[in-house]
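Residue-level structural notes
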Amino acid sequence: MKALRLKLFQETACYKKPFASKVAETYPLPPYSTVKGMIHALLRADRFISMRLSVQGEYEAKLLDYQRHYFFKKLDTVAFPLILDGIQENRFVYDTNGISTMPIYTHMLYGVNLLIHVEVEDSVLEQVIQAIEGGGIHYSLGRWEDLVRIDEYKIVFVEELDEEKDLRYHAYISDHLLDIDTRHIPYEIPWKYEIVNGVRKWEKVKVGYVPKGTTAPEGVCIDEDGELVFFHL
Amino acid sequence: MRMESLYFSIYKPGGRKTTMFYAKSETKEAIREHTDRLLDNWELLRDCYGERFVRMNERMWELLRLAIEYHDIGKANTAFQNKIRRAIQEEVLETDCDVDVPHNYLSVGLVPFNKLNLTKEETRLLTHAIGYHHERDKRPDKEAIRLVLESDLYLQREKIVKHMNLPVVEKLSFRFVDHLLRRYTIHDGEAFWDYVLIKGLLQRIDHAASAHLPVESYTDQHVGVYVRHYMKRQSFQLNDLQRFTASHTNKNVVVIAQTGMGKTEAALLWIDRDKAFFTLPLRVSINAIYERIRHQMGCEAVGLLHSTSAFYLAERGEENWEVIKQQSQQLSMKLLLTTVDQILKFPFYYRGFEKELAGMANAKVVIDEIQAYDPKIAAMLIKSLEMIKKVGGQFMIMTATLPTLYLDELKRRNIVDEDCTVFGKFIDNENHRHRIQFHDREITEGIEDFIKAARSAQVLVIVNTVRRGIELYEHLSDMDADIPVYLLHSQFTQEDRQGLERRIKEFNMAKEKGIWITTQLVEASIDIDFDYLFTEMSPLDSLFQRLGRCYRRRSIQGEQCNIHIFTQNVSGVPSVYDEHLVRESICLLEPYDGKILDERSKVELVEKLYERERLKGTAFLQEFEDALSMFDHLDPYELNKQEAQRKLRDIQTIPVIPRRIYDRIADLIEEYRRCRNGKERIGLRMGVEKKTISVHRFLAEKYVSERLPKPFEHIYIIDVEYDFDQENGKGTGIQFDKSLPAFY
């Protein structure tokens, strides 16, 4: 099997959990949907592209920030500038019937290193690499302001692991691979959505967040450089 | 000593002589030898109680046997062997690997799971039973475990296999360390209770084998037989209560029976041929029952375990008190008399709770006087009964009054149910013992009445606080009324208090005339029968216990009231008694003013008082519910055993010695430190302990100046006067308002 391996770094990140509207809680690693979204953004895709993902990583610390959030009360609120500083002849006034703001706590990860494997059709793989090499804008993962530095991208060969090996990073390990007697934190993380009646309906994947140092369960994969791979499908 | 010889008869020496792997330094035992001792105990347990364990089927016994076989195999590591070798002064072995890793973790790494034909769940049970047969503060460290297994134990594989005569792993795997990190909890459902048994029984067997004692002793002596013999000798007939318990030995039993109905015998008849734990709130009552069973009934199969039981046994002149103590601590006695804090604190899920809980699985548990515990402890008891039922133990609740709140909770949790529980209520309503009279006054205004009554009778005055007691006593003494007046409360030295307790009984027996002023101290355990009781109001359960000290064994004749209850300006509210409970008690009891209060009414009134509805908004109900909720949602394995014990014991009091008394016994402490003879040391130690007074911490703080030297550093010296004349038994005891003179 062939896969694209990405080593990413983010100074800060918040992979916000859905419905965490009083405090912006973050997942400990970017959920599949977020990673999938970044790849789609790289490709400027306008439809879903099928792929398999493996997400691992670690961070130095977790911190709290205070951030202003904008709440839209109506679906048809018209576009408006969020930041008014520097706009000439500033006559703009918010429509308080359509929008309100509130400062809320945001949980953020600091110093995030990620190891991501993407398995996708060869042609798409080529496009992703071209996008990385020739991209005109910055990339981010999670929030727009949390920039991503791509430290390495490499095509690697992946095969089944046949010895005992410990996790080098924390990882999402999908339910079907997980050894349930092993200590882990269960999550249901989003993968992709369909729009039903104008609302995103998410397909979710049951995973365990397994701490590094744990022995990898049987049936997982390893790449040519000895990095473990836990594809979610 | 009898136990020793019994032990050797079941121990078969192994006799394999290969490379030496030591298990213990004290006895220089080999791992195989020690393991064989465990196997003998495994057999003993299965042979004696196999039927009795509801959860233990063939497969479970086999798992337990495997756990035993492999539990100490990790001790073969060189670092551990050298530790023992140094201790017994043998040549140490050369090694590159001297990392110190707890052997219980290493043992798991050598188990050849793939050869044992286990299911996934069985593998997990075995892993956790072996991996945690010692509880450590340190979590397993995979890297250290890997190092020792790979670079030491694995290399010695051949030798270990030969020594242990057991197969070990061919290929090391360290996945078990991850598995150990996810511990069993109540959320694992039925598997959790299986784990409790395998691990708990492994620990019981291991500890017994290490102490060279059988895991179960006196298995062929039956308490029920002794009590029947005893009753026959005394030509006692079984009464209704006793017939009831004797005919329901295979059920859980809840009985409400008034004092003096032979409850102890009833419980022993229910225990019959089984192993049992008999719990009571007060140590003195436990000692008294021990006395009765051990010496009057002549039953040897009885142990005693509470915080001062060793002292008691030694002082009592029990020849082999050390053995009794050990057997009691190992829960191996056929019948163990104990306090709830010793054996029923497993709802705290402290590290190692499995041992005590598994000890209940083949036994019956008697909880006597459940109404005497405060609501937090009662909550713990209810939770522990729930757990006991899960592991297959049986229980009996015996009480004079059962608060409805507790009964409801027992039912709600399905701890008592129609199928396996029987209820009984045994009240002697023929004889009327008490006629009560309310006084809408303060008890200090009743002094004239006491004196009048005391001219021709024995008068007992019970107040709610020590302070009020001293106040009354001084008042009466000043009046010079030519009537003997005595005072008894908890603030005397242990020795003087014992003297006073003896004196009040003698006074009562000799039918002397006079007044005894006491606190609720006499509510339980002191067997006296006075002619009049003058008391401050208290909650009904406590009040009725007080009534039990007056006309205890007599019927009342005529129209005169023998009980006088004072309801105004009652002391100890709310510091001792809940205000709401006292008020409700008055309301419930008022209709009986001037009338006979019969035994049935007493039970019914207490039931009413402790209905959930009536308790709404009280601290009592709040405490009970908070405690239950805490036990239901506790994080397991957070506490260690001592911490759990501390949470239970009354840590509000500290032992103190008044300065003047200390000056008289200072030599004793010096003597103790020089003395090397075990028995004499105990004597000296008790000599010091009996001069202490248990005082509330917040009260003592202001007056305490220093601690006693080691090893009595838990005792403080208090700089206040102490007033007691041992000759005539008079005095107020500790006097907080009288500090020592500045230049004392």
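Notes on the structure in this doc start here. Note that this is a predicted model, so its numbers are computed, not measured.

With that settled, the discussion passes to the overall build of chain B. Counting its secondary structure elements, chain B contains 32 helices and 20 strands. Scaling as 2.2 N^0.38, a compact globule of 744 residues should have a C-alpha radius of gyration of about 27 Å, and chain B matches this with 29 Å. For chain B, the spread of C-alpha atoms along the three principal axes comes to 90 × 65 × 50 Å. In chain B, which comprises 744 residues, the share counted as buried stands at 59%. Restricting to contacts in chain B with at least 6 residues of sequence separation, those with at least 24 account for 78%. Carbon and sulfur atoms form 47% of the exposed surface of chain B, whose accessible area is close to 32,000 Å².

Each helix and strand counted, chain A has two helices and ten strands in total. Secondary structure elements of chain A occur, N-terminal to C-terminal, as β-β-α-β-β-α-β-β-β-β-β-β. By principal-axis analysis of the C-alpha atoms, chain A measures approximately 65 × 40 × 35 Å. Counting every position in chain A, which comprises 233 residues, the buried fraction comes to 44%.

Moving on: the sheet that holds strand 16 (residues 693–696) of chain B. In a beta sheet, neighbouring strands pair by backbone hydrogen bonds and run either parallel or antiparallel. Residues and elements named next belong to chain B. Strands sit in the order 16-15-18-17 across an open sheet of four strands; the sheet is mixed. The sheet is open, and its two borders are formed by strand 16 and strand 17 (704–707), each paired with just one other strand. Here the strands of the sheet are splayed against their neighbours by 50° on average, with no regard to which way each runs. With three bridges joining them, strand 15 (residues 653–658) and strand 18 (residues 716–718) adopt parallel strand pairing. In the sheet register, Pro658 faces strand 18, and the bridge partner there is Ile718. Where helix 30 (residues 659–674) meets the sheet, it contacts strand 15, strand 17 and strand 18, and its direction lies at approximately 70° from that of strand 15.

Residue and element names in this part refer to chain B. Going through the model one piece at a time under the given rule, you end up with 86 salt bridges over all chains. Residues Arg554 and Asp529 are paired through a salt bridge, measuring 3.1 Å at the closest nitrogen-oxygen approach. Here Arg554, found in the loop between helix 24 (540–547) and strand 13 (563–566), pairs with Asp529, found in the loop between strand 11 (514–518) and strand 12 (532–536); they are 25 residues apart in sequence, far enough to count as distant. Since its relative accessible area comes to 29%, Arg554 is described here as partly exposed. Asp529 sits in the buried class, given a relative accessible area of 10%. Across the pair Glu599 and Lys602 runs a salt bridge, and its minimum N-O distance is 3.1 Å.

Further remarks concern the interface of chain A and chain B. At the junction of the two partners, chain A supplies 13 residues and chain B supplies 14 residues. In this assembly, chain A packs against chain B so that about 1,200 Å² is buried in total across both faces, 32% of it on carbon and sulfur atoms. The largest share of the area that chain A buries against chain B comes from Glu164, Asp181 and Arg183 of chain A, three residues that together contribute 52% of it. Run the count over chain A and chain B and you get six salt bridges. Asp181 of chain A is the salt-bridge partner of Lys120 of chain B, the closest N and O atoms lying 3.5 Å from each other. Per-class residue counts for the side of chain A that touches chain B are three nonpolar, four polar and six charged.

The next subject is the packing of helix 19 (residues 375–391) of chain B against helix 28 (residues 619–632) of chain B. The description of two helices packed together rests on the angle between their axes and the distance between the axes. All names here are of chain B. Contact geometry of helix 19 with helix 28 gives a least axis separation of 8 Å together with a crossing angle of 35°. Like other packed secondary-structure pairs, helix 19 and helix 28 cross with a definite hand, here right-handed. In this structure, helix 19 uses Pro375, Lys376, Ala378, Ala379, Met380, Ile382 and Lys383 to contact helix 28, whose residues at the interface are Phe620, Glu623, Phe624, Ala627, Leu628, Phe631 and Asp632. Considering only residue class, the contact of helix 19 with helix 28 consists of ten nonpolar, no polar and four charged.

What follows is about a nonpolar patch on the surface. Residues and elements named next belong to chain A. A cluster of nonpolar residues, Leu64, Tyr66 and Tyr105, forms a patch on the protein surface that exposes about 360 Å² of accessible area. Looking at where Tyr66 falls in the secondary structure, it is placed in strand 3 (residues 52–72). Given a relative accessible area of 51%, Tyr66 falls into the exposed group.

A word on the environment of Leu4 of chain A. Residue and element names in this part refer to chain A. Structurally, the position occupied by Leu4 is in strand 1 (residues 2–13). Under the relative-accessibility criterion, Leu4 is labelled buried at 1%. With 185 residues separating them in the primary sequence, Leu4 and Ile189 have C-alpha atoms 22 Å apart. When neighbours within four sequence positions are excluded, Leu4 is seen to be in contact with Ile116, His117, Val118, Leu125, Val128, Ile129, Tyr153, Lys154 and Ile155.

Let us look at the sheet that holds strand 11 of chain B. All names here are of chain B. With respect to topology, seven strands assemble into an open sheet ordered 10-11-9-12-13-8-14, the strand pairing being mixed. Edge positions in the sheet fall to strand 10 (485–488) and strand 14 (596–597), since each has one partner strand and no second. In terms of strand pairing, strand 8 (residues 434–439) meets strand 14 through two bridges, oriented antiparallel. Considered in strand 14, the bridge of His434 is made with Leu597. Lying on the sheet, helix 22 (residues 466–479) is in contact with strand 9 (458–462), strand 10, strand 11 and strand 12; it crosses strand 10 at an angle near 165°. Against the sheet, helix 24 engages strand 8, strand 9, strand 12, strand 13 and strand 14, with an angle of about 155° to strand 12.

Before going further, it helps to spend a moment on the pairing of strand 9 of chain B. Residues and elements named next belong to chain B. For strand 9, a buried count of five out of five residues is recorded, marking the element as mostly surrounded by other parts of the structure. Because side chains alternate across strand 9, one face comprises the buried residues Gln458, Leu460 and Ile462, and the other comprises Val459 and Val461, equally buried. Sheet analysis places strand 9 next to strand 11, joined by five bridges and oriented parallel. Paired with Val459 across the two strands is Ile515, which belongs to strand 11. Bridging between strand 9 and strand 12 involves four bridges; their strand directions are parallel. Among the inter-strand pairings, Leu460 is bridged to a residue of strand 12, identified as Leu533.

To continue, consider the nonpolar core. All names here are of chain B. If you look at the biggest cluster of nonpolar residues, it comprises 184 residues, and the most contacted ones within it are Leu64, Leu344, Phe353, Met537, Leu540 and Leu589. It is helix 10 (residues 190–210) that contributes the most residues to this core, twelve residues altogether. Not counting chain neighbours up to four residues away, the residues in contact with Phe353 comprise Phe192, Val196, Phe346, Met387 and Tyr637. Counting 44 residues, the second largest nonpolar core, distinct from the first, contains Val255, Ala257, Leu269 and Met398.

All names here are of chain B. In this structure, strand 19 (residues 720–725) lies alongside strand 20 (residues 730–739), joined through five bridges in antiparallel fashion. Of the residues in strand 20, the one forming a bridge with Asp723 is Gly733. Here strand 19 folds back onto strand 20 in antiparallel fashion, the turn holding four residues, of which Gly729 has a positive phi close to 70°.

Residues and elements named next belong to chain B. Among all positions in helix 11 (residues 223–233), only Val223, Gly224, Val227, Tyr230 and Met231 are buried. Buried residues along helix 11 cover an arc of 125° about the axis, so they all sit on one side. Away from its buried face by more than 90 degrees, helix 11 exposes Lys232 and Arg233. For helix 11, the elements touching its buried residues are helix 12 (240–246), helix 13 (263–271), helix 14 (283–296) and strand 4 (335–338). At the C-terminal side of helix 11, Ser235 shows a positive phi close to 45°.

Reading guide: rules and limits
- Residue indices begin from 1 for each chain and proceed along its sequence in written order.
- By the order in which they are written, chains take letters starting at A while ligands take numbers starting at 1.
- Only residues with pLDDT of at least 70 get local features here, since the model is predicted, and only at 80 or more are side-chain atom pairs given and counted; chain-wide, interface and lining totals rely on the full set of residues.
- Working from all heavy atoms in the structure, the side-chain values ignore hydrogens and water.
- By the criteria applied, helices consist of DSSP H or I runs no shorter than four residues and strands consist of E runs no shorter than two, each listed in order from the N terminus.
- For a compact globule the rule gives 2.2 Å times the number of residues to the power 0.38, and the radius of gyration it is set against comes from C-alpha atoms.
- Residue exposure (1.4 Å probe, protein chains only): buried if accessible area is under 20% of the type maximum, exposed if over 50%, otherwise partly exposed.
- Whether two residues are in contact is decided by their heavy atoms, any of which lying within 4.5 Å being enough.
- We get accessible surface area from the Shrake-Rupley algorithm with a probe of 1.4 Å; when it comes to residues, only the shown protein chains can shield them.
- Only strands that DSSP links by at least two bridges are regarded as paired with each other.
- A fitted line through C-alpha atoms serves as each axis, taken over the contacting stretch for helices, and the angle formed by two N-to-C directions is quoted from 0 to 180°.
- The salt bridge criterion pairs a side-chain nitrogen of Lys or Arg with a carboxyl oxygen of Asp or Glu, the two atoms within 4 Å.
- Summed over both partners, the accessible surface that disappears when two parts come together, traced with a 1.4 Å probe, is what is meant by buried area.
- Gly is placed with the polar residues, together with every amino acid not listed as nonpolar (Ala, Val, Leu, Ile, Met, Phe, Trp, Tyr, Cys and Pro) or charged (Asp, Glu, Lys and Arg).
- Here a crossing is taken to be left-handed if its near helix is turned anticlockwise relative to the far helix by less than a right angle, and right-handed if that turn runs clockwise.
- Nonpolar side chains (Val, Leu, Ile, Met, Phe, Trp, Tyr) are joined into patches within 5 Å and like charges within 9 Å, using only residues with over 30% relative accessible area and no salt bridge.
- Think of a nonpolar core as a cluster: buried Ala, Val, Leu, Ile, Met, Phe, Trp, Tyr and Cys residues, connected wherever their side-chain atoms sit within 4.5 Å.
- What the arc describes is the spread of directions from the helix axis to the C-beta atoms.

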